[in-house]
Amino acid sequence: MKKLCVLGWLALSMAWPVMTAAAPAALDDRTAFIDGLLQRMTLQEKIGQLRLISIGEDMPVPRLAGELAAGNIGGTFNSVTRHDNRPLQEAALRSRLQIPIFFAYDVIHGHRTIFPIGLGLASSWDMETVATAGRVSAIEASADGLDMTFAPMVDITRDPRWGRTSEGFGEDPFLVSEIARTMIRAYQGQSLREPDSLMASVKHFALYGAVEGGRDYNVVDMSPQRMHQDYLPPYRAAVEAGAGGVMVALNTVNGVPASANRWLLQDLLREDWGFSGVTISDHGAITELLRHGVAVDGREAAKLAITAGLDMSMADSLYAEHLPELVESGEVPLESIDQSVRQVLGAKYDLGLFHDPFLRIGTASGDPADVNAENRLHRDAAREVARQSLVLLENRNHTLPLRKAGTIALVGPLADSHIDMLGSWSAAGVAAQTVTLRQAMQEALGDHGRLLYARGANVTDDPAMVEYLNFLNWDNPEVVQDPRLAEEMIAEAVAAAEQADIIVAAVGESRGMSHESSSRTSLQIPASQQALLRALKATGKPLVLVLMNGRPLALGWVQANADAVLETWFSGTEGGHAIADVLFGDHNPSGKLPISFPRSVGQIPTYYNHLRLGRPFVEGKPGNYTSQYFEEPNGPLYPFGYGLSYTTFSLSPPRLSTEVLSRGDVLEVEVTLKNTGKRDGATVVQLYLHDVAASQVRPVKELKGFRKVWLKAGEERRVRFNIDEEQLKFFDAQLRHLAEAGRFEVQVGLDSRQVQAQRFELR
Ligand code: BGC
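The residue numbers shown here count from 1 along each chain, following its written sequence. Where totals are concerned, whole chains, interfaces and linings use all residues; where local detail is concerned, this predicted model gives features only for residues with pLDDT of at least 70, and gives and counts side-chain atom pairs only at 80 or more. Hydrogens and waters are ignored; side-chain quantities use all the structure's heavy atoms.

Asker: Tell me about the overall build of the protein, and please be specific about residues and values.
Answerer: In DSSP terms, a helix is any run of H or I states spanning at least four residues, a strand is any run of E spanning at least two, and both are numbered starting from the N terminus. Scanning the protein from terminus to terminus reveals 23 helices and 27 strands. Taken over C-alpha atoms, the radius of gyration is set against a globule rule of 2.2 Å times the number of residues to the power 0.38. The C-alpha radius of gyration computed for the protein amounts to 27 Å, which stays within 12% of the reference 27 Å derived for 763 residues, consistent with globular compactness. Here the C-alpha coordinates of the protein stretch approximately 75 × 65 × 50 Å along the principal axes. Only protein chains enter the accessibility calculation, which uses a 1.4 Å probe; a residue whose area is less than 20% of its type maximum is buried, one above 50% is exposed, and one in between is partly exposed. Sorting the 763 residues of the protein into buried and exposed places 63% on the buried side. We call two residues in contact whenever any of their non-hydrogen atoms come within 4.5 Å of each other. Within the protein, residue pairs in contact and separated by at least 24 positions form 78% of the contacts whose partners lie at least 6 positions apart. For the area figures, the Shrake-Rupley method with a 1.4 Å probe applies, and any residue is considered shielded solely by the protein chains shown. Element-wise, carbon and sulfur atoms account for 51% of the exposed surface of the protein, whose accessible area totals about 27,500 Å². Neither His nor the chain ends contribute to the count of charged residues, in which Lys and Arg are positive and Asp and Glu negative. Where a charge lies is defined by one atom per residue type: Lys uses NZ, Arg uses CZ, Asp uses CG and Glu uses CD. Positive and negative side-chain charges of the protein, numbering 73 and 93 respectively, have mean locations separated by a distance of 5 Å.

Asker: With reference to specific residues and values, describe the sheet that holds strand S21 (residues 681-691).
Answerer: As a general point, the strands of a sheet are linked pairwise by backbone hydrogen bonds and lie either parallel or antiparallel. At least two bridges found by DSSP between two strands is the condition for calling them paired. Pairing within the open sheet is mixed, and its five strands lie in the order S19-S27-S26-S21-S22. In this open sheet, the two edge strands, each paired with only one partner strand, are strand S19 (660-661) and strand S22 (702-711).

Asker: Give me the lowdown on the site of the ligand, citing residues and values where you can.
Answerer: Residues are labelled near a given molecule or strand when at least one of their non-hydrogen atoms is within 4 Å of it. Around the ligand sit Phe77, Asp106, Phe150, Arg164, Lys203, His204, Met247, Asp282, His283, Met314, Trp425 and Glu516, and that is every residue in its neighbourhood. Side-chain polar atom of Arg164 to an oxygen atom of the ligand: 2.7 Å apart, as the coordinates give it. A 3.5 Å cut-off defines polar contacts: any pair of N or O atoms within that distance qualifies, except that in protein one atom must be a possible hydrogen donor and the other a possible acceptor, and neighbouring residues in sequence count only when both atoms are side-chain atoms. Between the ligand and Lys203, the relevant distance is 2.9 Å, taken from an oxygen atom to a side-chain nitrogen or oxygen of the residue. Across the complex, the protein chains shield 92% of the 310 Å² of accessible surface that the ligand would expose by itself. When residues are grouped by polarity, Ala, Val, Leu, Ile, Met, Phe, Trp, Tyr, Cys and Pro land in nonpolar, Asp, Glu, Lys and Arg in charged, and all others, Gly among them, in polar. Here the residues of the shell around the ligand are counted per class, giving five nonpolar, two polar and five charged.

Asker: Which residues make up the sheet that holds strand S4 (residues 148-149), and what are the values?
Answerer: In spatial order, the strands read S9-S6-S5-S4-S3-S2-S1-S10; together these eight strands make up an open sheet with parallel pairing. Among the strands making up the open sheet, the edge pair consists of strand S9 (278-280) and strand S10 (313-314). The pairing of strand S3 (residues 102-105) with S4 spans two bridges and is classified as parallel. Of the residues in S4, the one forming a bridge with Ala104 is Met148.

Written out as C-alpha cells, the structure reads:
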C-alpha cells in the first residue's frame, strides 16, 4: 500500500494550473466570468448544472460518464477516492463547455480519521477542539478529491427521541451557533481556493430538529418567535460565517415543505440574511413534494421547488425531466433557472475549480492507494478531541480514576465493538481501524494488572431492532449478535466480575440506534443490557459505567446504582484510547452536557431555557397547583451544562461593574474561579441572562457566554464577560429584534442548574 504524507502531497497538487475552454479572459472577474459562461449555455446545459447525482444510486457508472460528457450533471456525491473521482472530472471536461463538476460527501465528524459525534464535540465546550475536528476532516476529505461536505448539521434538538440528535450539537442556540461558526471556518479554511479546503453546506434548513414527537421526517409547526429566538440562530451564524452552501430540510415548516418554501429560501435566507451561495435539496426531496401533497405531479413539484429558490436537486430526477418543458411553456421564467445556475457556477468558481478542475484531485501519478486513518498527527488529534468530549456524570467515593493494578472486569457489548466506536455518519471511517475500550485498557494496563473481558449481553435482543442494525452495518461484517443465550452471557460476565476488584461496563446504544430514521419511543438502555447490569450490581463489586450512545438516555437506575458513570457518546477512531486515558486518570475529564438528560421519556422536553409560567415550574418536588408530573421530581436528571471533574472548583458570586447599563455601553461581569482540589483540571464557566419583565414572556435563563478554564490544583483565576445591549435582545410580537429597558439578571455557574445571580437595569 502506497502511503503519502497528506499535506506534502497537497502542496504538489497546487502547482497544477489548468485553464478550461470554458474559461475566457475574465477568469479573474467572478461575475463577468459566470455571466459570460451563462450566455453560452443551452437550456439543457443549464438544467444539467442543477443536478447533484448520487454515485451508484442514481445511475450506473458507465452511464454517468456519458451524462457528464453531455454536460448533464453539476456535481456528484458518494465517491470518496481520487482514483474514482478523476475519470468523472475528466468526463465532465469533455463536455462542450468543459464545466467541471464538484464532488460532495457527508463528512460529518471526520472523514478517514473519525472524531466524536456532534454531541461529543459539543460536550467539549471548546472551540479549538471543535475546529481541530473540522480542519482535519477538511484536510482528509479534500485529499480524497472532495470539494464539499454536507455539514455542519446545526439543527437544535430538544427531543432526544429523534435519532439525529447524535449528529447535532445539542439544545442551545448560543452554543450551537458558536460551533456552527467554528465548523464553517474550519472546513472552509483561509480560502476555498486552497486545495485543503472544503465547502460547507450547513443543514438542514430549517428546523429539522423540531420534528413532532422526535419522529424522523415528521412535521414542524412552530411560532415565529420560537423559530427566530431558538431554532434559526445557528443556521444564520453559519451563513454569516460564510457557508458556501445550505442544504434544505425534508420537513414542512408551518404547513409548507422547506423544499417549496419561498419565504424560507428567499425572504429569510437571501433577503434578510444575505446568503449568496447555493441551496441544495436533501435526498429526493423534490419528489417528496408529491408525498407531502403540495404538488399533484412531478412537473408541479419541480416548478414549486425551483421557483421557491431551491437551486440544486439531490438524487432526484424531476428537474431534469420537467424543467425544460416548464421553461419552454413559460411557466418557469428562464431567469429562475439562470439565478440557480449562477449559484452553482459561483460555488465552483469559489472552490477554485474553474482555475483548476483537479485542484483537490491532483495528478494521476500522485494518487495515493490509501490514506485511511493512518496519519499519526490526525490520530493524535482525534485522541485529544475525544478526551475533551467525555462527560463524567457520577463519581461516588472517588471510584475513578482506576489504579493500573489488580484485576478489572471489563464487560458489555460495547467494550470491544469496533464499528460502534464510529457512531452514525462515519463517512469513510473504517471500523477495523478504531481502537476499542478493550484494546486501550489492555494497552494501558500492560503487565501492571489483569483485564478480564466478557461481552455479557447483546446491545439488544429485540429481533426487529437487530434486523435494522444489521442492515445499517452491511459494509462492516462484524458480528453484531452473539448467538449464545442471554443467561449464558450474563453468567460469564458475573464470573469475571467475581474475580475482579472492580467492574467496568460499556453499555448503551449501538451506533445505528441514533441515526437517520432511528427514532426511539424509549430512552432506556435496552433490556438485554439492563439484565446484565442488575446481575453485575448483585455481585456487590464497585461498578463503573462507560456509556456509549447518541442521545440522552433515561439513567434513573444507573444514577442510583453505579459508582461512577462516564458519558462517552460515540468517540471515534481513537475513542478507546481517550476513554482509557480518563478511566486511568491520565486525563482529567472536563466535558459538559450540551443537552439535558430527562429522567424519563414522559418528561420530554426538558430543555433548560424554557419560558416562565404563571403557575410556576419549580425544580424538585413542588407543591400542588404548580406545573409538574405526579411520578417524578421536576427538572432533568442531569441538566444542560453539567459535568464533573476529578478535581473540584469553587466560583465566587458574580461582581458587576455597574448596576445600570446604558444602551451603547458595556457591563462587565467578573467571577473568581478556583481549583479547590488536588489535581489540575478544567471546567466551563457559564454565563446566563434572564429578562425579569418584558412585553413577551422570556426564558428563565439563556446562555450568553462561556469560557473553558484550565487551572492547576489550588490555582484561581478571574474570569470576565462583557454584556451589552446585543445580548439582551429578543424577538417581540412584531418580530423586531430589540432589547427592552428594565431589569435583567446575570446568572453564573458551572452548570445551568446551580447558578449565582445579580441584577442590573438597562436604561
Ligand atoms: C440526509 C442528509 C444527507 C443526505 C446525503 C439524507 O438522507 O438527510 O443529511 O446529507 O442524505 O447523504
